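A look at the structure
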Amino acid sequence: MFSFLNTLKRLISNQQEAPTTQPKYSNEQLLQWATGCMLEGLPDEFYEARITCQCSVNNEGHQTVNVSHEFKLTEESEYSRFSPPDDLYATNCIEQILTGKKWTYAAIIFNPQTTRFEWK
């Protein structure tokens, strides 16, 4: 019995801390996948597109995210709504980027040359 307890004590004292886990995917990868998914719902020629997410928490602690997909055909045009083939994929990428952070607004704004991410 004492040998079992000694072994158990040795095992517990020799336990190493679990290594800190790295995120599965980089923010750049997630942004690239999100924009790639949204490109499928856009016209071939466009000036700029964006997904905006507004996050709120109700009195019961439940999180709600309102999502909008919009694009501009030209610099002077107004934003118009569009529907990507999978409208939740880009939102999921945003939520993965912001895991563990308190946020109320996030957006991916992109054009054929550049992508930027902003959040509050």
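Notes on the structure follow.

What counts as what
- Residues numbered from 1 in each chain as written.
- Predicted model: local features only at pLDDT ≥ 70, side-chain atom pairs only at ≥ 80, totals over all residues.
- Heavy atoms only, no water.
- Helix = DSSP H or I, 4+ residues; strand = E, 2+ residues; numbered from the N terminus.
- Areas by Shrake-Rupley, 256 points an atom, 1.4 Å probe, with all protein chains shown as cover.
- Pairing = 2+ DSSP bridges.
- Contact = heavy atoms within 4.5 Å.
- Axes fitted to C-alpha atoms, helices over the stretch in contact; angles between N-to-C directions.
- Expected span 1.5 Å × (residues − 1).
- Buried < 20%, exposed > 50% of the residue type's maximum accessible area, 1.4 Å probe, protein only.
- Arc of directions from axis to C-beta.
- Core = buried A, V, L, I, M, F, W, Y, C linked by side-chain atoms within 4.5 Å.
- Lys, Arg positive; Asp, Glu negative; His and termini not counted.
- Salt bridge = Lys/Arg side-chain N within 4 Å of Asp/Glu carboxyl O.
- Polar contact = N/O pair within 3.5 Å; in protein donor to acceptor, adjacent residues only side chain to side chain.

What about the overall build of the protein chain?
- Scanning the protein chain from N- to C-terminus turns up three helices and five strands.
- Just so you have it, the protein chain exposes about 9100 Å², and 49% of that area is on carbon and sulfur atoms.

What to know about the sheet that holds strand β5 (residues 115–119)
- Spatially, β3-β2-β1-β4-β5 is the arrangement adopted by the five strands of the open sheet, whose pairing is antiparallel. Each edge of the open sheet is held by one strand with a lone partner, namely β3 (80–81) and β5.
- As judged from the two bridges shared by strand β2 (residues 63–72) and β3, these two strands associate in the antiparallel manner. From the neighbouring strand, Phe 71 faces β3, where its bridge partner is Ser 80.
- Packed on one face of the sheet, helix α2 (residues 27–39) meets β1 (48–57), β2, β4 (105–110) and β5 and runs near 65 degrees to β4.

Section: α2
- The first and last C-alpha atoms of α2 sit 18 Å apart over 13 residues, in line with the 18 Å expected at 1.5 Å per residue.
- Turning to α2, its buried residues number three or more, namely Leu 30, Leu 31, Ala 34, Thr 35, Cys 37 and Met 38. The buried residues of α2 all sit within an arc of 160 degrees when viewed along its axis, so they share a single face. Turned more than 90 degrees from where α2 packs its buried face, Glu 28 and Gln 32 sit exposed.
- Where α2 is buried, its residues meet β1, β2, α3 (89–97), β4 and β5.

Description of the nonpolar core
- If you look at the biggest cluster of nonpolar residues, it comprises 21 residues, and the most contacted ones within it are Leu 42, Ala 49, Ile 51, Ile 94, Ile 108 and Phe 110.
- Residue assignment for this core shows that the elements contributing at least two residues are α2, β1, α3 and β4.

Here's the deal with the side chain of Glu 48
- Here Glu 48 is to be found in strand β1.
- Although Glu 48 lies buried, it forms no salt bridge, and the closest oppositely charged side chain, Arg 116, sits 4.2 Å away as judged by the N-O distance.
- A polar side-chain atom of Glu 48 sits 2.3 Å from a polar atom in the side chain of Tyr 79.

Re the pattern of salt bridges
- Enumeration according to the criterion identifies two salt bridges in this entry.
- For Arg 50, the salt bridge is made with Glu 70, and the minimal N-O distance between the two is 2.7 Å. Of the two residues, Arg 50 is situated in strand β1 and Glu 70 in strand β2; the sequence distance between them amounts to 20 residues.
- Glu 118 is paired through a salt bridge with Arg 116; the nearest N and O atoms lie 3.8 Å apart.
- Overall, Glu 118 belongs to the partly exposed group, its relative accessible area being 31%.
- Taking relative accessible area as the criterion, Arg 116 reaches 45% and is therefore assigned partly exposed.

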